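Tertiary structure, described
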Protein chains: 2
Amino acid sequence: MSESTASVDRIYEVFDLLGPLYRRIHRTVERDTAALGLSAGTRAVLVMLRQRGPMPVPRLAEAQALSRQFTQRVVNEALARGLVASVANPAHRRSRLIALTESGTILVDRLLEREHGQLAAAAAELDGADFDGCVRVLSRLLRLVEAAEPGPGPV
Amino acid sequence: MSESTASVDRIYEVFDLLGPLYRRIHRTVERDTAALGLSAGTRAVLVMLRQRGPMPVPRLAEAQALSRQFTQRVVNEALARGLVASVANPAHRRSRLIALTESGTILVDRLLEREHGQLAAAAAELDGADFDGCVRVLSRLLRLVEAAEPGPGPV
């Protein structure tokens, strides 16, 4: 077996973990957020706004690799619940930014704090070099699939 | 910031890559397999059978963190197309194993060969130690969410 073949096998090893891990995280998040009356999509949007600050809907969608329609639905849900507000975009007069409201900030902080406790034990078992390698591998794979899929997808 | 806090941040760094990467891979796979008349779910089942050999539906579902109902639908689709067959299970007289047929094997090998070419360049850029770290991190996170979610989920 050539060296390149072995490395492609390593990519499959990562892919084989990725699907089950994503689906299980999604279900866990869905269950935890349902207790707060939120969908997993709304949670993703709130967390992203907390981490990166206000942004327009298309950039939220792009960052999460979700369709604009789906992201807009999730944002509308959060607007209706007063968790986010649509504010003026200083950079573009015609576009609007989605920003967390105070009650959205409180809710997402509560969520993150709870998750933090559940993740701390796992984090303590792993070392920084493992994370460095993991982030390098996942970032490279993400660039690879981004290059393979130039336009925004259906969802 | 304590050391544990920093490490939890690393977990979020991985999670933030995981969602977009999973969704983009899913879309890319869906597009590529649609050209062969397959769904992404069918592809996942065929690849798993190719890698690990015949297995019963519940174990296929468990390994992919998919519901039994969804997995059974996908298997029924593959049975109808003659890509897999239901064969006797030597270990349990009442249960059946799902096995690839010859045409299923040819199809999945064609798929994997094509993907292999697309992945070889990315694999060549990354070193084995990065993959070791990545697999350690993802496996640990998978065990963590498995422990948080004992029963099989809705899909």
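The structure contained in this document is the topic of the report that follows. (Residues numbered from 1 in each chain as written. Chains lettered and ligands numbered in written order. Predicted model: local features only at pLDDT ≥ 70, side-chain atom pairs only at ≥ 80, totals over all residues. Heavy atoms only, no water.)

Using the criterion set out here, one finds 18 salt bridges over all chains in the structure. Here B:Glu125 and A:Arg140 are joined by a salt bridge, their closest N and O atoms 2.6 Å apart. Residue B:Glu125 is found in helix α5 (residues 102-125), and its partner A:Arg140 is found in helix α6 (residues 128-148); the two belong to separate chains. Its relative accessible area of 51% is what places B:Glu125 among the exposed residues. Judged by its relative accessible area of 12%, A:Arg140 is buried. Connected through salt bridges with shared partners, the residues A:Arg10, A:Glu13 and B:Asp132 form a single ionic network. (Salt bridge = Lys/Arg side-chain N within 4 Å of Asp/Glu carboxyl O. Helix = DSSP H or I, 4+ residues; strand = E, 2+ residues; numbered from the N terminus. Buried < 20%, exposed > 50% of the residue type's maximum accessible area, 1.4 Å probe, protein only.)

So, on to the nonpolar core. If you look at the biggest cluster of nonpolar residues, it comprises 89 residues, and the most contacted ones within it are A:Val14, A:Leu138, B:Val14 and B:Leu138. When neighbours within four sequence positions are excluded, B:Val14 is seen to be in contact with A:Phe131, A:Cys134, A:Val135, A:Leu138, B:Val137, B:Leu138 and B:Leu141. (Core = buried A, V, L, I, M, F, W, Y, C linked by side-chain atoms within 4.5 Å. Contact = heavy atoms within 4.5 Å.)

This part takes up α6(A). For α6(A), spanning 21 residues, the distance from its first C-alpha to its last is 30 Å, which sits close to the expected 30 Å at 1.5 Å a residue. The N-cap of α6(A), judged by a side-chain oxygen 2.9 Å from the amide nitrogen of A:Ala129 a few residues on, is A:Asp127. (Expected span 1.5 Å × (residues − 1). Polar contact = N/O pair within 3.5 Å; in protein donor to acceptor, adjacent residues only side chain to side chain.)

Moving on: helix α3 (residues 57-64) of chain B. Residues and elements named next belong to chain B. Here α3 has its buried residues at Val57, Leu60, Ala61 and Gln64. For α3, the buried positions fall inside an angular range of 95° around the axis, keeping them on one side. After α3 finishes, the residue Ala65 shows a positive phi value of roughly 55°. (Arc of directions from axis to C-beta.)

Here we take up unusual backbone geometry. If you check the backbone angles, A:Ala65 has positive phi at about 55° while not being a glycine. Here A:Ala65 shows up in the loop between α3 (57-64) and α4 (68-80).

Any functional reading would require information beyond the geometric quantities listed.
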